[in-house]
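Chains, contacts and geometry: an overview
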Amino acid sequence: RRQRQMCIRDSYTTVGDANAPPVLMVMGLTGSHRLWGEDLVNGLVDSGYRVVLFDNRDTGESARLDELGTPTLWWQLLKNAVGLGVDAPYQLSDMAADGIAVLDRLGIDRAHIVGASMGGMIAQIIAARHADRVLSLTSIMSTSGSRRLPGPHPKVLRHALFKHRKSFNREQMINYLVEFWGLTGSPAYPTPIEEKREKVTSWVDRNFDTAANIRQFAAMASNGDRTALLGTIEIPALVIHGDEDPLIPVAGGRHTADSIPNAALHSIPGMGHDLPEQLIPELVGQIAAHSARAQPDTGSERKTAEVV
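Within every chain, residues take consecutive numbers counted from 1 along the sequence as written. A pLDDT threshold of at least 70 governs which residues receive local features in this predicted model, and a stricter bar of 80 or more applies before side-chain atom pairs are shown or counted, although totals over entire chains, interfaces and linings include all residues. Values reported for side chains reflect all heavy atoms of the structure, with hydrogen atoms and water molecules removed beforehand.

1. Comments concerning the overall build of the protein
Helix and strand assignments come from DSSP, with helices taken as H or I runs of at least 4 residues and strands as E runs of at least 2, each series counted from the N terminus. The helix and strand inventory of the protein stands at 11 helices and eight strands. A principal-axis box enclosing the C-alpha atoms of the protein has dimensions of 55 × 40 × 35 Å. Burial classes: relative accessible area under 20% of the type maximum marks a residue as buried, over 50% as exposed, and values in between as partly exposed (1.4 Å probe, protein chains only). Looking at the protein residue by residue over its 308 residues, the buried ones come to 55%. By definition in these notes, contact holds between two residues if any of their heavy atoms fall within 4.5 Å. Sequence-distant contacts in the protein: of pairs separated by 6 or more residues, those separated by 24 or more amount to 79%. Computed with a 1.4 Å probe, the accessible areas rest on the Shrake-Rupley method; for each residue, only the protein chains presented here act as cover. Summed over its atoms, the accessible surface of the protein is roughly 12900 Å², and 52% of this surface lies on carbon and sulfur atoms. A gap of 4 Å separates the mean positions of the 31 positive and 35 negative side-chain charges of the protein. Counted charges follow a simple rule, with Lys and Arg positive, Asp and Glu negative, and His plus the chain ends left uncounted. We put the charge of a Lys on NZ, of an Arg on CZ, of an Asp on CG and of a Glu on CD.

Below, the structure is given as structure tokens:
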């Protein structure tokens, strides 16, 4: 049974038995929770978990924060590239607090936290700064933020720097994002172009917002190096990363796992910066098994969801 509740800065959905161990899923840059896909979500539910999905602020059905202004993308990218401060209307720590607010609204004391890309960074912050609310951490295709790590492949960076325009109309934005997916997707698990266009069109029509995308990028870029913060994480952690990721190279995943005490790294050959359907069974298996190992033996850590 699905439940939906609009909040000031977030919208959320729950799937599965309200008494099952909860898994909070955090998606990446301007990504609605729908980008996790039904197969992955249902796979976790079938594995015995209650999945909690929410839209980050400025995303999907959450409130837009246009009153905070929109930084200039190329300037922020350039400043970030040379190590200067980035102008961010809000921080990843604020987005992490939004995730905790969702747990509060649902009456959940502790949950397994799963995040992808920027969502992995948010999940890392939740695990470090809200440790009493977290059972386990799974960080997917994300990074520690260390400036010593390699950045995006030059072709991906050029696409972001020189091909994006605030003035894009609907069709231009769809074409831009389909091309970007083509540059960053899994080479060993390609998504047909027709499917890419269908999914991107649905994303753009439902919830893509250029200004929000820039604000979230600024939050991500301004967060800096989380290496020291990762070293404080004591809950069980799993890092999943594709070895063909051109946006956040696998070195970022390795460094994340190396920085978290006793973290496990699961590298997937041929995976890029997406969640291809062919890999969903493997991803579900890894997340479910890791969460099961970290799950307390009793149900005393959980509360039944409020009816909203």
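2. Things to note about helix 7 (residues 193–206)
Multiplying 1.5 Å by the residue count of a helix minus one yields the expected span of that helix. Relative to the 20 Å expected for 14 residues at 1.5 Å per residue, helix 7 spans 20 Å between its end C-alpha atoms, a close match to the ideal helical length. Every buried residue of helix 7 is accounted for by Lys196, Val200, Thr201, Trp203 and Val204. Summarising the axial view, the buried residues of helix 7 lie within an arc of 165 degrees, below the 170-degree limit, and thus occupy one face. Structural note: helix 7 exposes Glu194 and Glu198 on the side pointing more than 90 degrees away from its buried face. As used here, the arc belongs to the directions running from the helix axis to the C-beta atoms.

3. Quick notes on the nonpolar core
For soluble globular proteins, the rule of thumb is that nonpolar side chains tend to be buried together. Counting 43 residues, the largest nonpolar core has Leu24, Leu92, Ile113, Ile122, Ile126, Leu137 and Ile233 as its most contacted members. With eight residues, the top contributor of residues to this core is helix 4 (residues 118–129). Residue types Ala, Val, Leu, Ile, Met, Phe, Trp, Tyr and Cys, when buried and joined through side-chain atoms within 4.5 Å, form a set referred to as a nonpolar core. Counting residues in hydrophobic clusters, the runner-up holds 26 residues, among them Val15, Leu40, Leu283 and Val284.

4. Quick notes on the packing of aromatic side chains
By convention, a stacked pair of Phe, Tyr or Trp rings (six-membered ring in the case of Trp) has centres within 6.5 Å and planes under 30 degrees apart, an edge-to-face pair has planes over 60 apart, and any other such pair is tilted. This model, assessed by the stated rule, comprises two aromatic pairs. Centre to centre, the rings of Phe168 and Tyr176 are 5.7 Å apart; their planes meet at 50 degrees, and the pair counts as tilted. On the basis of an interplanar angle of 15 degrees and a centroid distance of 6.4 Å, the ring pair of Tyr176 and Phe180 is categorised as stacked. Of the two residues, Tyr176 and Phe180 both sit in helix 6 (residues 170–184), four residues apart, roughly one turn of that helix. For Tyr176, a relative accessible area of 10% corresponds to the buried category. Feature note: the residues Phe168, Tyr176 and Phe180 constitute an aromatic cluster, connected by ring pairs.

5. Details of the pairing of strand 3 (residues 22–26)
Counting buried residues along strand 3, five of its five residues qualify, which places the element largely inside the surrounding structure. In strand 3, alternate side chains face the same way, and those of Pro22, Leu24 and Val26 on one face and Val23 and Met25 on the other are all buried. Relative to strand 4 (residues 50–55), strand 3 runs parallel, the two being bridged by four bridges. Opposite Leu24, over in strand 4, you have Val52 as the bridge partner. The β-α-β motif built from strand 3, the intervening helix 1 (residues 38–46) and the parallel element strand 4 has right-handed crossover chirality. Strand pairing follows a simple DSSP-based rule, namely that at least 2 bridges must link the two strands. Relative to strand 5 (residues 111–116), strand 3 runs parallel, the two being bridged by four bridges. Across the sheet, residue Leu24 finds its bridge partner in strand 5, namely Ile113. Throughout, right-handed denotes a crossover for which the path from the first strand over the helix to the second runs clockwise when the strands point away from the viewer.

6. What to know about the side chain of Asp55
The residue Asp55 is located in strand 4 in this model. Note on definitions: salt bridges are taken to be side-chain nitrogens of Lys or Arg within 4 Å of carboxyl oxygens of Asp or Glu. Buried within the structure, Asp55 lacks any salt-bridge partner; its nearest side chain of opposite charge belongs to Arg34, at an N-O separation of 4.8 Å. Between N or O atoms, a polar contact is any pair within 3.5 Å; within protein, one atom must be a potential hydrogen donor and the other a potential acceptor, and residues adjacent in sequence are included only when both atoms are from side chains. Among the polar contacts listed, one links the side chain of Asp55 to the side chain of Ser32, at a separation of 3.4 Å.

7. Considerations on unusual backbone geometry
The backbone of Thr30 shows a phi angle near 50 degrees, a positive value even though the residue is not glycine. Overall, Thr30 belongs to the buried group, its relative accessible area being 0%.

The values reported here are purely geometric and, on their own, carry no functional implication.
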